[in-house]
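As a plain string of letters, each chain reads:
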Amino acid sequence: LTLHLIALALYGLATALTLAPFVGLRASPRPLTIALPCAGAAVHVVAVSQLTLVGLAPALSMLALCLVLLQLASERLVRGSAVAFFTGPLAAGLVGLALLIGLAPGAEPSAGRNVWFILHVALSVLGLALLALAFIAAALYLLQFRELKARRFGQVFQLFPPLDRLDRLNRFALVAGFPALTLGVLLALGYAARFAGGLHVGKAQIVWGLFTWVVLGWAVWVRVVRHWGGRRAAFASIAGFSAVLLVYLAL
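Residues numbered from 1 in each chain as written. Predicted model: local features only at pLDDT ≥ 70, side-chain atom pairs only at ≥ 80, totals over all residues. Heavy atoms only, no water.

J.: Describe the overall build of the protein, listing the residues and the values that go with them.
T.: The helix and strand inventory of the protein stands at nine helices and zero strands. Mapped from its N terminus to its C terminus, the protein presents α and β elements in the order α-α-α-α-α-α-α-α-α. With 251 residues in all, the protein has 45% of them scored as buried. For the protein, long-range pairs separated by at least 24 residues make up 82% of all intrachain contacts whose partners lie at least 6 apart in sequence. (Helix = DSSP H or I, 4+ residues; strand = E, 2+ residues; numbered from the N terminus. Buried < 20%, exposed > 50% of the residue type's maximum accessible area, 1.4 Å probe, protein only. Contact = heavy atoms within 4.5 Å.)

Here's what the structure looks like:
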């Protein structure tokens, strides 16, 4: 609990520094805006390693960690610092929600099943986090496109990456997320088949998991097979992620 609170504080501070230029404050040095989420992720990794990963709260915590790690990877690979405008508040909100729900230990698989189950959870959460990253890249793309079309060259134009970089980030997130989620689903099926009497999975979880897999597969198909790009691909990513959230809330 203490480690999660420390991670939440670091994520919150990093988010405040990232959003500062949009409220008229001076932009913080880039090394500081990277160092804070790095420190938060390091603490968060230790915190997650002590959880059983069973239940909603641990899953939310792990999803937040994956988002921060993907944010840092985006900073390194495509200089996508603007990703933090979305991932920072989202990660902090997910950690806060996990703390409110409660991170008390729950039922844990036995030692022989533990590695299998952890891989299932980790890959499934990673696939969902990459779908969220694709949504973030798409939202940044549309915001940047609107600013350029209106010939406004303010904070958005100065702080957001170029359109082609955001489009590549969207494609990468989708293409990487689909195999991760597919492996997570296959591991879940294998876990249920191999270990009789394993952890109970409700019908709603099965429906939502399969729906998410279908949506992510469709998004990859339109990007890779149909060669969608630009605004059309951005709208597809946003629609897909929004559908996943709506179905989750409905179930």
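J.: Report on helix H4 (residues 84–101), specifying residues and quantitative values.
T.: Between the first and last C-alpha of H4 there are 25 Å, a value that for 18 residues agrees with the 26 Å anticipated at 1.5 Å per step. Buried within H4 we find Ala84, Phe85, Thr87, Gly88, Ala91, Ala92, Leu94, Val95, Gly96, Ala98 and Leu99. Positive backbone phi, approximately 115 degrees, marks glycine 102, located one or two places after H4. (Expected span 1.5 Å × (residues − 1).)

J.: Break down the pattern of salt bridges for me, with residues and values.
T.: Across all of its chains, the model carries two salt bridges by this definition. One salt bridge in this structure joins aspartate 164 and arginine 168, with 3.5 Å as the shortest N-O distance. Placement of both aspartate 164 and arginine 168 in helix H7 (residues 163–194) is noted, with a separation of four residues, approximately one turn of the helix. Of the residues examined, aspartate 164 reaches a relative accessible area of 47% and is grouped as partly exposed. Using a relative accessible area of 47% as the deciding quantity, one classes arginine 168 as partly exposed. For arginine 223, the salt bridge goes to aspartate 167, with nearest N and O atoms at 3.2 Å. A residue pair is termed long-range when its members are at least 10 positions apart, and arginine 223 in helix H8 (residues 203–224) and aspartate 167 in helix H7 qualify at 56 residues. Each member of the pair, arginine 223 together with aspartate 167, is buried. (Salt bridge = Lys/Arg side-chain N within 4 Å of Asp/Glu carboxyl O.)

J.: Explain the packing of helix H3 (residues 56–77) against H4 to me, and be specific about the residues and the numbers.
T.: Relative to each other, H3 and H4 sit at 160 degrees, their axes nearing to 8 Å. As the angle between them shows, H3 and H4 are arranged roughly antiparallel. As H3 packs across H4, the resulting crossing turns out to be left-handed. Contacts from Leu56, Ala57, Leu60, Ser61, Leu63, Ala64, Leu67, Val68 and Gln71 in H3 reach Ala84, Thr87, Gly88, Leu90, Ala91, Leu94, Val95, Leu97, Ala98 and Ile101 in H4. (Axes fitted to C-alpha atoms, helices over the stretch in contact; angles between N-to-C directions. Parallel < 35°, antiparallel > 145°, perpendicular 65-115°, else oblique. Left-handed = near helix turned anticlockwise from the far one by under 90°.)

J.: Run through the confidence of the model for the protein, naming residues and quoting values.
T.: Averaged over every residue, the pLDDT of the protein is 82; residues scoring 70 or more account for 85%. When pLDDT is averaged over each helix and strand of the protein, the minimum, 62, is found for helix H6 (residues 155–159) and the maximum, 89, for helix H9 (residues 230–250). (pLDDT = per-residue confidence, 0-100.)

J.: Could you give me a rundown of a nonpolar patch on the surface, with the residues and numbers involved?
T.: A surface patch of nonpolar side chains, about 740 Å² in accessible area, is lined by Leu56, Leu97, Leu100, Ile101, Leu246, Tyr248 and Leu249. Of all the elements in the fold, those that place two or more residues in the nonpolar patch are H4 and H9. The topology assignment puts leucine 56 in helix H3. Its relative accessible area of 39% is what places leucine 56 among the partly exposed residues. (Patch = residues over 30% accessible without salt bridge, like charges linked within 9 Å, V, L, I, M, F, W, Y side chains within 5 Å. Areas by Shrake-Rupley, 256 points an atom, 1.4 Å probe, with all protein chains shown as cover.)

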